[in-house]
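# Breakdown of the fold
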Amino acid sequence: MARSPALRLVGRRLGAAVIVLWGVTLLTFIVMSTLPNDTAQTMLGLHATPAQVAALNKALGLNQPFWVRYWRWLVQALHGNLGTTLEGQSVNHELAIHLPVTLELLAYALVISVALAVVVAVLAARRPNGIADRISLSVSMIGLSASPLVVGIILVIVFAVQVGWFPVQSNGLGGGLGSFFVQGTLPAASLGFPLFAIYTRLLRADLVEQMQREDYIVTARAKGLSPWRVLIRHALRNSMFTLITVIGLNLGTLVSAAAIIEVLFSVPGVGSDLLTAIGNHDSALIEGIVFVFALITVAGNLAADLLYAVLDPRIRHGSTNS
């Protein structure tokens, strides 16, 4: 029995995802191998003798060829073991503690950026070149010109130092919904504002183009549907493909920016762990975190492909021309 087009699409994406993840692990391992290998020296301390360092390198297998060490790590990773940190902690344990914090922050940033972008883009597209459209353009240009770090610093100065609505540092995102809102709003806004600007301009442009040129919009208007209903029910639904594509493409940027924002706001996530591990040359922790970041990005892009099939019946039933 032939598989449906949606299943074939998922199969192709899964195959590509495996190749991407393998490439990320290999590239990370190559980069870490080109750096000076002082792992044993770091573990033993500055006063360790060369003989002690050499003995520990041998015990850890760090004196073995690159391909041997990579193959050993890859086999362990496929069995769910990402290695051990310099402090002797399991990388899996570190990720289990800090990864949920990062995922909560990413989800919060993504939800607020997408929700606000849809609302603002619809208001702007309703009356092109109107007041709402001009205001959205000005705000979007600011967001497109500023990095998450700059946005975060400005938000800290205004809403934490001057106004005092939010804390300067977020020592975790737990403690209930109220605490999560207080602790996570500024970090999430720092991550989400540049994305909000991108989503708003692209979605607004797509909506305006549909409202002015597409035949099905003219047909919907001829049936007597209100402008708001035509915009939201017909144009917005089709524009979601553009939005989903952009979200998938920007997910990697969102994940990478989380490392800087977590340090700025003292969020105890894997982004902070990554920068600390880089400073300590903790190869196992770096490789584990990079692998998880790549996995999140690939999973997000796969989810975007699945949403295509949900929104467009032609993909599910194979009636497209592709």
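Conventions we followed
- Residues numbered from 1 in each chain as written.
- Predicted model: local features only at pLDDT ≥ 70, side-chain atom pairs only at ≥ 80, totals over all residues.
- Heavy atoms only, no water.
- Core = buried A, V, L, I, M, F, W, Y, C linked by side-chain atoms within 4.5 Å.
- Buried < 20%, exposed > 50% of the residue type's maximum accessible area, 1.4 Å probe, protein only.
- Helix = DSSP H or I, 4+ residues; strand = E, 2+ residues; numbered from the N terminus.
- Contact = heavy atoms within 4.5 Å.
- Salt bridge = Lys/Arg side-chain N within 4 Å of Asp/Glu carboxyl O.
- Axes fitted to C-alpha atoms, helices over the stretch in contact; angles between N-to-C directions.
- Parallel < 35°, antiparallel > 145°, perpendicular 65-115°, else oblique.
- Nonpolar A, V, L, I, M, F, W, Y, C, P; charged D, E, K, R; others polar.
- Lys, Arg positive; Asp, Glu negative; His and termini not counted.
- Polar contact = N/O pair within 3.5 Å; in protein donor to acceptor, adjacent residues only side chain to side chain.
- Expected span 1.5 Å × (residues − 1).
- Bend = angle between axes of the 7 residues up to and from the residue.
- Patch = residues over 30% accessible without salt bridge, like charges linked within 9 Å, V, L, I, M, F, W, Y side chains within 5 Å.
- Areas by Shrake-Rupley, 256 points an atom, 1.4 Å probe, with all protein chains shown as cover.

The next thing to look at is the nonpolar core. The biggest cluster of nonpolar side chains holds 64 residues, and the ones touching the most others in it are Leu 191, Tyr 199 and Leu 207. Those elements that provide at least two residues to this core are α1 (5-34), α4 (66-78), α5 (91-126), α7 (148-162), α8 (177-213), α10 (227-264), α11 (270-280) and α12 (283-311). Per element, the largest residue contribution to this core is 14 residues, and it comes from α5. Excluding anything up to four places from it in sequence, Tyr 199 contacts Leu 110, Ser 113, Val 114, Ala 117, Leu 243, Val 246, Ile 247 and Asn 250.

So, on to the pattern of salt bridges. All chains considered together, the criterion is met by 2 salt bridges. Between Arg 201 and Asp 133 there is a salt bridge; the shortest N-O distance is 4.0 Å. On the criterion of sequence distance, the pair formed by Arg 201 in helix α8 and Asp 133 in helix α6 (residues 131-145) is long-range, its members being 68 residues apart. Taking the shortest distance from any N to any O, the salt bridge between Asp 133 and Arg 204 comes out at 2.6 Å. With a gap of 71 residues between them, Asp 133 in helix α6 and Arg 204 in helix α8 connect regions that are remote in the sequence. By the burial criterion, Asp 133 is buried, and Arg 204 matches it.

Below, the discussion takes up the packing of α5 against α11. Between α5 and α11, the least distance of the axes is 8 Å, while the angle of their chain directions is 125°. The pairing of α5 with α11 is recorded here as oblique in orientation. On the side of α5, the interface is formed by Glu 94, Leu 95, His 98, Leu 99 and Thr 102, while α11 contributes Val 270, Gly 271 and Asp 273. Here the residues of the contact of α5 with α11 are counted per class, giving 3 nonpolar, 3 polar and 2 charged.

Residues Val 270, Gly 271, Ser 272, Asp 273, Leu 274 and Ala 277 constitute the buried set of α11. Where α11 terminates, the next one or two residues include His 281, which has phi positive at roughly 55°.

Positive phi outside glycine occurs at Asn 129, with the angle close to 70°. Looking at the secondary structure, you find Asn 129 in the loop between α5 and α6. Look at Asn 129 and you get exposed, because its relative accessible area is 55%. One non-glycine residue, Ser 266, adopts positive backbone phi at about 55°. Ser 266 gets classed as partly exposed once you look at its relative accessible area, which sits at 28%.

On to the side chain of Asp 273. The residue Asp 273 is located in helix α11 in this model. Look at Asp 273: it is buried, it has no salt bridge, and the nearest opposite charge is Arg 72 at 22 Å. A polar contact of 3.5 Å, which involves the side chain of Asp 273, links it to the side chain of His 98.

Okay, the side chain of Thr 200 next. Relative to the helices and strands, Thr 200 is located in helix α8. Among the residues examined, Thr 200 registers a relative accessible area of 0% and is labelled buried. A polar atom in the side chain of Thr 200 sits 2.7 Å from the backbone oxygen of Phe 196. Apart from residues no more than four positions distant in its own chain, Thr 200 is found in contact with Ala 117, Val 120, Ala 121 and Ser 140.

With 15 residues, α7 ought to run about 21 Å at 1.5 Å a step, and its terminal C-alpha atoms sit 20 Å apart, in line with that. Val 156 marks where α7 bends most, by close to 30°. Within α7 the residues assigned to the buried category are Val 151, Gly 152, Leu 155, Val 156 and Ala 160. The positive-phi residue at the C-terminal boundary of α7 is Gly 164, with phi of around 80°.

There is a patch of nonpolar side chains on the surface, built from Leu 149, Val 150, Ile 153, Ile 154, Ile 157, Val 158, Val 163, Trp 165 and Ile 260 and spanning about 780 Å² of accessible area. Looking at the nonpolar patch element by element, the count peaks at 6 residues for α7. With respect to the helices, strands and loops of the structure, Leu 149 is situated in helix α7. Assessed through its relative accessible area of 36%, Leu 149 is described here as partly exposed.

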